[in-house]
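Residue strings, one per chain:
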Amino acid sequence: MAATTLLFEFGLGHFIENKPWSVLLADYDITSGRIWLLIPIWVAIGPTVVRRLRVSRTESTEFHHQTSKG
C-alpha cells in the first residue's frame, strides 16, 4: 500500500503534472518540515506495530491472570 501510494505520487507528479524530480523529492524533505514522508512509513509499518503491541498486551494480561490465581 505504501509503495503504491509513492508510485502514484511520483508518477502523477512527474508524468502528468510535469514536475521535475527535484520538486517531487523536496516534498519529502523532513528537514524542511515536510512530514508527508511519515504517512507512507506509518502505512507500511503501522499494522505490524499495532499487532505486536496487541500480542504483547494480551500476553501480559494472560501472565498477570495466571500469577494472580496461583
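The rules behind the values
- Residues numbered from 1 in each chain as written.
- Predicted model: local features only at pLDDT ≥ 70, side-chain atom pairs only at ≥ 80, totals over all residues.
- Heavy atoms only, no water.
- Helix = DSSP H or I, 4+ residues; strand = E, 2+ residues; numbered from the N terminus.
- Expected span 1.5 Å × (residues − 1).
- Buried < 20%, exposed > 50% of the residue type's maximum accessible area, 1.4 Å probe, protein only.
- Arc of directions from axis to C-beta.
- Phe/Tyr/Trp six-rings, centres within 6.5 Å; stacked < 30°, edge-to-face > 60°.

(A) Representation of helix H1 (residues 2–16). Helix length check: H1 (15 residues) gives 20 Å between terminal C-alpha atoms against 21 Å at 1.5 Å per residue, within 8%. What H1 keeps buried is the set Ala2, Phe10 and Gly13. On an axial view of H1, the arc spanned by its buried residues comes to 70°, and they lie on one face. For H1, the exposed residues set more than 90 degrees away from the buried face come down to Thr4, Leu7, Phe8, Phe15 and Ile16.

(B) Quick peek at the packing of aromatic side chains. Summed over all chains, the structure comprises 3 aromatic pairs. Consider the rings of Phe10 and Tyr28, whose centres lie 5.2 Å apart with planes at 20°: the pair is stacked. Separated by 18 residues along the polypeptide, Phe10 in helix H1 and Tyr28 in the loop between helix H2 (21–26) and helix H3 (38–69) bring together distant segments of the chain. The same class applies to Phe10 as to Tyr28, namely buried. Pairing Phe15 with Trp21 gives two aromatic rings, centres 6.0 Å apart and planes at 85°, and the pair type is edge-to-face.

Just distances and angles here, no functional claims.
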